[in-house]
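Results of the structural survey
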Amino acid sequence: DAAAAAAIETLAAARRAELPAVVLAGEAQRLARTLRDWLVDVECARPPFEVRAVESDGALELPGLRLRLRFDRVDALVDGGVALIDYKSGAATTPGKWFEPRPQAPQLALYALAQRAAEPRLPIRAVAYAQLKPGAVKAVGVAADAGAWPELLLPAAIRTAPLPDWAAVEAHWTRALVGLAADFVAGRADVTPRNRRDSCQY
């Protein structure tokens, strides 16, 4: 409750003045409830971990492209390795879509490759979006093994790509992101809708 109240207090004074007190109070309650749901339903159910870094900077070199990144959170797992977490206030894209030929929501893939480049000997054992959507709070991601995050255990195969283990996950991300970077650097802008029905409708 105190953290939610403090977050509301950090809103610019002009912004707070625009909102009725009842709205600010309701928002503080919503924030506190969402945070409690995340802590109780997700964090407390995980194997032991320690938050290693919050809002930390990273970088990734792809052919012809240098990306500056900001990791929301990096957790050190009690039995070694790390989990990368990115917060989302709305619905998070499901893992199956991360591995499509033209991947959706490649943010965690970029973070994983940047983390691997920065500390090659440190295993990345899980990546997840913290979906902080009221009424639908959950972790959405993949894990290399049950010890890292049992609820996110990598399926034997994701529909869109054969991914038998974590090495295959990282190899897939490397191929996909290097390909996207090469297209971007070359200025390719072909009309290639990921999903013709949805893309063309909007």
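Residues numbered from 1 in each chain as written. Predicted model: local features only at pLDDT ≥ 70, side-chain atom pairs only at ≥ 80, totals over all residues. Heavy atoms only, no water.

A tally of helices and strands in the protein yields seven helices and five strands. Referenced to the eigenvectors of the C-alpha coordinate spread, the extents of the protein come out at roughly 50 × 45 × 30 Å. Within the protein, counting contacts between residues at least 6 apart in sequence, those at least 24 apart form 57% of the total. By element, 57% of the accessible surface of the protein is carried by carbon and sulfur atoms, the whole surface being about 11,600 Å². Each charge class in the protein was averaged separately, 25 positive and 24 negative side chains, and the resulting centres sit 5 Å apart. (Helix = DSSP H or I, 4+ residues; strand = E, 2+ residues; numbered from the N terminus. Contact = heavy atoms within 4.5 Å. Areas by Shrake-Rupley, 256 points an atom, 1.4 Å probe, with all protein chains shown as cover. Lys, Arg positive; Asp, Glu negative; His and termini not counted. Charge placed at Lys NZ, Arg CZ, Asp CG, Glu CD.)

One finds Leu84, Trp98, Phe99, Val127 and Trp173 to be the most contacted residues of the largest nonpolar core, which totals 33 residues. Listing elements by their share of this core, those giving two or more residues are β1 (49–62), β2 (65–77), β3 (82–88), α5 (107–118), β4 (124–131), β5 (138–143) and α6 (166–185). Looking at which element gives the most residues to this core, the answer is α5, with seven residues. Not counting residues up to four positions away in its chain, the partners in contact with Trp98 are Thr93, Pro103, Gln104, Ala105, Leu108, Val127, Tyr129, Val140, Gly141, Val142 and Trp173. Formed by 14 residues, the second largest nonpolar core is a distinct cluster that contains Val42, Leu77, Ala139 and Ala148. (Core = buried A, V, L, I, M, F, W, Y, C linked by side-chain atoms within 4.5 Å. Buried < 20%, exposed > 50% of the residue type's maximum accessible area, 1.4 Å probe, protein only.)

Enumeration according to the criterion identifies 16 salt bridges in this entry. Across the pair Glu27 and Arg30 runs a salt bridge, and its minimum N-O distance is 2.6 Å. Within this pair, Glu27 and its partner Arg30 are both found in helix α3 (residues 21–41), separated by three residues, close to a single helical turn. For Glu27, a relative accessible area of 27% puts it in the partly exposed group. Owing to a relative accessible area of 27%, Arg30 belongs among the partly exposed residues under this scheme. Linking Glu55 and Arg70 is a salt bridge whose minimum nitrogen-to-oxygen distance equals 3.7 Å. Separated by 15 residues along the polypeptide, Glu55 in strand β1 and Arg70 in strand β2 bring together distant segments of the chain. When its relative accessible area of 41% is taken as the criterion, Glu55 is described as partly exposed. In this structure, a network of salt bridges that share partners links the residues Glu43, Arg46, Arg73 and Asp75. (Salt bridge = Lys/Arg side-chain N within 4 Å of Asp/Glu carboxyl O.)

Attention now moves to α6. When the terminal C-alpha atoms of α6 are compared, their 28 Å separation across 20 residues agrees well with the 28 Å that a helix rising 1.5 Å per residue should span. All of the buried residues along α6 are Trp166, Ala168, Val169, Glu170, His172, Trp173, Ala176, Leu177 and Ala181. Tucked into the core, α6 has its buried residues touching β1, β2, α4 (95–98), α5, β4 and β5. The opening residue of α6 is Asp165, an N-cap whose side-chain oxygen sits 3.3 Å from the backbone nitrogen of Ala167. Following α6 by one or two positions, Gly187 has its phi on the positive side, about 75°. (Expected span 1.5 Å × (residues − 1). Polar contact = N/O pair within 3.5 Å; in protein donor to acceptor, adjacent residues only side chain to side chain.)

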